[in-house]
Amino acid sequence: MNFAFWIISAVTVLGALLAVTLRNLVHCVLALILFFIGIAAHYFLLRADFLGTVQILIYVGAVAVLILFAIMLTHNVTGTEGPREVLGLKWWSGAAIAAVLAILLKKAILSDPLATLLPAGDKAQTSVAEIGKVLVAGWVVPLEAIAVLLTAALIGAVVIALEEIRKSR
Amino acid sequence: MSIPLGHYLILAAILFTVGLAGALTRKNAIIVLMGIEVMFNSAILNLVAFWHYKHFAVPTAQLFAIFAIAIAAAESAIGLALVIAVYRHYQSVDVDEMQELKG
Amino acid sequence: MWIAAFLIPIGFIFGVYLTIFAFTTLVERKALGRIQNRYGPNRVGPFGILQPMADGLKILLKEDIVPRAADKFSHFLAPVLIVVPGLLVYLVVPVAPGMVAVDLKIGVLFALAVGTVSVIALFMAGWASRNKFSLLGAMRAVAQVVSYEVPTVMAGVAVIMAAGTLSTLTIVERQGGGILNISNWYVFRPWGLVGFVLFVIGGLAESARCPFDLPEAESELIGGYHTEYSGFKFALFQMGEYLAGMAMAGVTVTLFLGGYMGPGSGPGLVGGVIAMLWFFSKLAGMIMLNIWIRGTWPRLRVDQLMGFAWKVLLPLALVNIVAIGFWHFLTPRPLAWVVTTGWLAIWVVVLTKCNAGAALEKREYRFT
């Protein structure tokens, strides 16, 4: 199944590259969705199928829709294109920083003996019941904290995005 | 499947730098947020790769990853709400125009 | 050999479900016609049986118009993205003992997650057309689908808690046994009945059928997100919508109505054929229920629609989860029945009273 890893990796990197380089905003979001699905495929390959499904549910089903709504609410009348980008100092410096980071990370990863670790045989998918048991056994407080966080984010996002309407009335 | 761990780590590093380049170079605030999402996802992929190769017996890392995905979703919701609010004020989502803190 | 194990279920899904889709369009038009006191299509072949073929031929021969200002890539991709998730859900719906296309351990979650991908396609269709009515229809459709997903998924969670597994095959097997293989269906439990109602309503809303068809109501938005589509792409939209509706019906049958369980279904050839007959008749019953609801109830306004999802269905879904908790932990069965039924009845009454809104006064007519 080695070729599955390479194909899915190629799709994922292609999605990420297109998402940050395309001009048309909606096409960028579609490339981002391709990236999310590629990452979910990697999770399935790493035998974390519950996580892969949650990734599709949350990222493709909710975050991508959120980004599309934000694009729709912030587009100028002329269309979906953002302002024209110029290849100035900012672009080159940003790309240079990213390239330097990539080289440093590659050196750091390859110099560690951990990098040649091989997986121990073919494994079964983790069952959801095990995740549930681990969650309830020791991680209930983070669960409740996440619930409070999500509620706060929900209320906060509504308040922030809504406020101008109330003021203008 | 006999992919060494290093391949997954390098894949996550490449995705992280692609996201970073996007977040640093683009002018549109929404694409900056999309670059941040790419960085989040690559970090979580890194975490899950380590879990698969070293701690496969206990699925705690999947839980960690689910919490991280939830936090990332909450953060992107707030970020996009802020972009909408700023758009209402500046009438554009160009990050170069958002230079003043005082409205 | 493994290719055969691959291709047979996929061929089955394509062959059977697309044929059911074709004849559902005919049955829907005839049933709606009868509800409205007229015959449905009856010209093309005896009882209008060849109507789907005529429709298919007509749609294929129509001109495919793409607006000049439209975003060609998204305009082309949107119908495809609506059909594909609808078809993917059938992979986890079991039709006979042991006969499910893919026996995923996370079957129910897969079906629900794939259903959420169609939201992107709705938005793309509305946006790519560069038409304000399309965009408005797309926004309403996305808001509706996303709002109704939440109570639907939570109603499914109650069944998952009862069965203790996410695999659809195991959920159906748990609903066997009992009197005539029927009495263990989850719809006959109090929490199952509430969950069934929630799931049916959610399924209607997710496939944008009446009474939730504001996104595509012709008198409101000209056509909503598929206004600018003609020819085969329009047919793909209709196909995607019907397939999504039938897929939700299939998942409802699997989770609540016992899947292929019925008197006489069991492993082996004869039992398997009887099980398949049971599954397809239950599926047909659910589709007829959808058509009946479409023919009888008026359309909800968009604020009524959203209020219904967030203020009535979501609290009811959460209460349902608590009810299944009671059911699981109260060991004497009659006590569990009484407590669960009482809890759910109280909450249904409270929620409907709180959300009733102002009752209309009795009208006085000037000219009777």
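Note that the coordinates shown come from a computational prediction; the quantities given were computed from them, not determined experimentally.

**Student:** Teacher, can you tell me more about the overall build of chain C here?
**Tutor:** Along chain C, the regular secondary structure elements total 12 helices and zero strands. Since a compact globule built from 368 residues should have a radius of gyration of about 21 Å, the 22 Å found for chain C is in line with a globular shape. In terms of overall dimensions, chain C has a C-alpha envelope of 70 × 65 × 40 Å along the principal axes. Counting over 368 residues, chain C shows a buried share of 51%. A sequence separation of at least 24 residues applies to 75% of the contacts in chain C between residues at least 6 apart. When the accessible surface of chain C is summed, it comes to about 17800 Å², and 71% of that surface belongs to carbon and sulfur atoms. Charge centroids of chain C, computed over 27 positive and 18 negative side chains, lie 5 Å from each other.

**Student:** Could you clarify how one ought to interpret the nonpolar core in this entry?
**Tutor:** Nonpolar side chains in soluble globular proteins generally cluster together in the buried interior. The biggest cluster of nonpolar side chains holds 179 residues, and the ones touching the most others in it are Ile67(A), Val48(B), Tyr17(C), Ile120(C) and Phe279(C). It is helix H4 (residues 107–128) of chain C that provides the largest number of residues to this core, a total of 16 residues. What Ile67(A) contacts, discounting residues up to four positions off in sequence, is Val29(A), Leu32(A), Ile30(B), Met34(B) and Leu80(B).

**Student:** Explain a nonpolar patch on the surface to me, please; I cannot follow it from the model alone.
**Tutor:** Residue and element names in this part refer to chain A. On the surface, Phe3, Ile7, Val11, Leu14, Leu18 and Leu34 cluster together to form a nonpolar patch covering roughly 520 Å² of accessible area. A total of five residues in the nonpolar patch trace back to one element, the largest contributor, which is helix H1 (residues 2–21). Its location among the elements puts valine 11 in helix H1. The exposure class of valine 11 is partly exposed, given its relative accessible area of 33%.

**Student:** It is not clear to me how the pattern of salt bridges should be interpreted in this structure. Could you clarify?
**Tutor:** Evaluation of the coordinates by the stated rule reveals five salt bridges over all chains. Among the ionic pairs, Arg301(C) bridges to Asp303(C), the shortest N-O distance being 2.9 Å.

**Student:** Before we go on, may I ask you to explain the interface of chain B and chain A in this structure?
**Tutor:** You'll often see interface size given as the accessible area lost when the parts meet. Each partner contributes to the interface: chain B provides 72 residues, whereas chain A provides 83 residues. Taking both partners together, chain B and chain A bury about 7100 Å²; carbon and sulfur atoms supply 77% of that area. For the pair chain B and chain A, the interface holds zero salt bridges. Scanning the region where chain B abuts chain A turns up seven residue pairs in polar contact (both at pLDDT 80 or more). Contributing elements (two or more residues each) for the side of chain B that touches chain A: helix H1 (5–25), helix H2 (29–54) and helix H3 (60–90) of chain B. Of all the elements, H3(B) adds the most residues to the side of chain B that touches chain A, at 23 residues. Of the residues that constitute the side of chain B that touches chain A, the class distribution is 51 nonpolar, 14 polar and seven charged.

**Student:** How should helix H2 (residues 51–61) of chain C be read in this particular structure?
**Tutor:** For the α-helix, the turn length of 3.6 residues means that residues three or four positions removed from each other point alike. Residue and element names in this part refer to chain C. Along H2, the residues classified as buried are Gln51, Pro52 and Ile59. Taken end-on, H2 shows its buried residues confined to a sector of 95°, consistent with a single buried face. Exposed side of H2, more than 90 degrees from the buried face: Leu57, Leu60 and Leu61 are the residues found there. Those residues of H2 that are buried are in contact with helix H1 (2–35) and helix H9 (232–255).

**Student:** Explain the packing of aromatic side chains to me, please; I cannot follow it from the model alone.
**Tutor:** The description of two aromatic rings rests on the distance between their centres and on the angle between their planes. As enumerated under the stated definition, the model contains 21 aromatic pairs over all chains in all. A centroid spacing of 6.0 Å and a plane angle of 50° characterise the contact between Phe69(A) and Phe123(C), whose relative ring orientation is tilted. With one member in each of two chains, Phe69(A) in helix H3 (residues 49–73) and Phe123(C) in helix H4 form a pair that bridges those chains. Seen from their ring centres, Phe199(C) and Phe256(C) are 5.6 Å apart, and the 55° between their planes marks the pair as tilted. Taken together, the positions of Phe199(C) in helix H7 (residues 190–206) and Phe256(C) in the loop between H9 and helix H10 (269–296) put the pair 57 residues apart, joining distant regions of the chain. Among the aromatic side chains, those forming a connected cluster through ring pairs are Phe5(A), Trp6(A), Tyr8(B) and Tyr53(B).

**Student:** Quick question: what am I supposed to make of the interface of chain A and chain C here?
**Tutor:** Across the boundary between the two partners, chain A contributes 24 residues, which contact 21 residues of chain C. Overall, the association of chain A and chain C removes approximately 2000 Å² of surface from exposure, summing both partners, and the carbon and sulfur fraction of that is 83%. Three residues stand out in chain A for area buried against chain C, namely Leu30(A), Leu57(A) and Met72(A), and they jointly supply 24% of the buried area on that side. Where chain A touches chain C, the interface holds zero salt bridges. In this assembly, chain A and chain C are joined by zero residue pairs in polar contact (both at pLDDT 80 or more). Taken together, the elements giving at least two residues each to the side of chain A that touches chain C come down to helix H2 (25–45) and H3 of chain A.

**Student:** Help me out: how do you make sense of the packing of helix H5 (residues 132–163) of chain C against H7(C) in this one?
**Tutor:** A pair of packed helices can be characterised by two numbers: the angle between their axes and the separation between those axes. Residues and elements named next belong to chain C. Remark: H5 packs on H7, axes separated minimally by 8 Å, with the N-to-C direction vectors making an angle of 150°. Relative to H7, H5 is oriented roughly antiparallel. Where H5 crosses over H7, the two elements pack in a sense that is left-handed. Each of Gln144, Val145, Tyr148, Glu149, Thr152, Ala155, Gly156, Ala158 and Ala162 in H5 lies in contact with H7, whose residues at this interface are Trp191, Gly195, Leu198, Phe199, Ile201, Gly202, Ala205 and Glu206. Here the residues of the contact of H5 with H7 sort into 10 nonpolar, five polar and two charged.

**Student:** Is there a simple way to think about the confidence of the model for chain B in this case?
**Tutor:** Averaged over all residues, the pLDDT of chain B equals 88, while 97% of them reach at least 70. The lowest-confidence element of chain B is H1(B), averaging 90 in pLDDT; the highest-confidence one is H2(B), averaging 92.

**Student:** So what exactly am I meant to see when it comes to the environment of Leu26(C) here?
**Tutor:** Residues and elements named next belong to chain C. Following the sequence through the fold, leucine 26 ends up in helix H1. Under the relative-accessibility criterion, leucine 26 is labelled buried at 5%. Residues leucine 26 and asparagine 320 lie 294 residues apart in sequence; the distance between their C-alpha atoms is 37 Å. Filtering out sequence-adjacent residues up to four positions away, leucine 26 remains in contact with Pro41, Gly48, Ile49, Gln51 and Pro52.

**Student:** I would appreciate a short explanation of the side chain of Ser9(A) in the present structure.
**Tutor:** With respect to the helices, strands and loops of the structure, Ser9(A) is situated in helix H1. A relative accessible area of 6% means that Ser9(A) is categorised as buried. Within the structure, the side chain of Ser9(A) is placed 2.7 Å from the backbone oxygen of Phe5(A), a separation counted as a polar contact. Ser9(A) has contacts with His42(A) and Leu11(B), leaving out every residue within four places of it along the chain.

**Student:** Help me understand H3(A) in this model?
**Tutor:** Residues and elements named next belong to chain A. Counted at 1.5 Å a residue, the expected span for H3 with its 25 residues is 36 Å, and the 35 Å between its end C-alpha atoms agrees. The largest bend in H3 amounts to roughly 25° and is located at tyrosine 59. Among the 25 residues of H3, 19 are classified as buried, and the element is accordingly described as predominantly covered.

**Student:** Sorry if this is basic, but what is going on with the side chain of Thr12(A) here?
**Tutor:** When you line up the elements, Thr12(A) lands in helix H1. Thr12(A) has contacts with Phe35(A), Gly38(A), Ile39(A), His42(A) and Leu15(B), leaving out every residue within four places of it along the chain.

**Student:** Quick question: what am I supposed to make of the packing of H7(C) against helix H12 (residues 333–354) of chain C here?
**Tutor:** All names here are of chain C. Close contact between H7 and H12 brings their axes to 8 Å; oriented N to C, the two are set at 35°. Within the contact between the two elements, H7 uses Pro190, Trp191 and Val194 and H12 uses Trp337, Thr340, Thr341 and Leu344. In terms of residue class, the contact of H7 with H12 is made up of five nonpolar, two polar and no charged.

**Student:** Got a minute to help me understand the confidence of the model for chain C in this structure?
**Tutor:** Fine structural detail should not be taken from predicted coordinates in areas where pLDDT scores are low. On average, chain C scores 85 in pLDDT, and the residues at 70 or more come to 95%. In the predicted complex, the global pTM is 0.90; the interface-specific ipTM is 0.93.

Calculation rules
- Residues numbered from 1 in each chain as written.
- Chains lettered and ligands numbered in written order.
- Predicted model: local features only at pLDDT ≥ 70, side-chain atom pairs only at ≥ 80, totals over all residues.
- Heavy atoms only, no water.
- Helix = DSSP H or I, 4+ residues; strand = E, 2+ residues; numbered from the N terminus.
- Rg over C-alpha atoms; globule rule 2.2 N^0.38 Å.
- Buried < 20%, exposed > 50% of the residue type's maximum accessible area, 1.4 Å probe, protein only.
- Contact = heavy atoms within 4.5 Å.
- Areas by Shrake-Rupley, 256 points an atom, 1.4 Å probe, with all protein chains shown as cover.
- Lys, Arg positive; Asp, Glu negative; His and termini not counted.
- Charge placed at Lys NZ, Arg CZ, Asp CG, Glu CD.
- Core = buried A, V, L, I, M, F, W, Y, C linked by side-chain atoms within 4.5 Å.
- Patch = residues over 30% accessible without salt bridge, like charges linked within 9 Å, V, L, I, M, F, W, Y side chains within 5 Å.
- Salt bridge = Lys/Arg side-chain N within 4 Å of Asp/Glu carboxyl O.
- Buried area = accessible area lost by both parts, 1.4 Å probe.
- Polar contact = N/O pair within 3.5 Å; in protein donor to acceptor, adjacent residues only side chain to side chain.
- Nonpolar A, V, L, I, M, F, W, Y, C, P; charged D, E, K, R; others polar.
- Arc of directions from axis to C-beta.
- Phe/Tyr/Trp six-rings, centres within 6.5 Å; stacked < 30°, edge-to-face > 60°.
- Axes fitted to C-alpha atoms, helices over the stretch in contact; angles between N-to-C directions.
- Parallel < 35°, antiparallel > 145°, perpendicular 65-115°, else oblique.
- Left-handed = near helix turned anticlockwise from the far one by under 90°.
- pLDDT = per-residue confidence, 0-100.
- Expected span 1.5 Å × (residues − 1).
- Bend = angle between axes of the 7 residues up to and from the residue.

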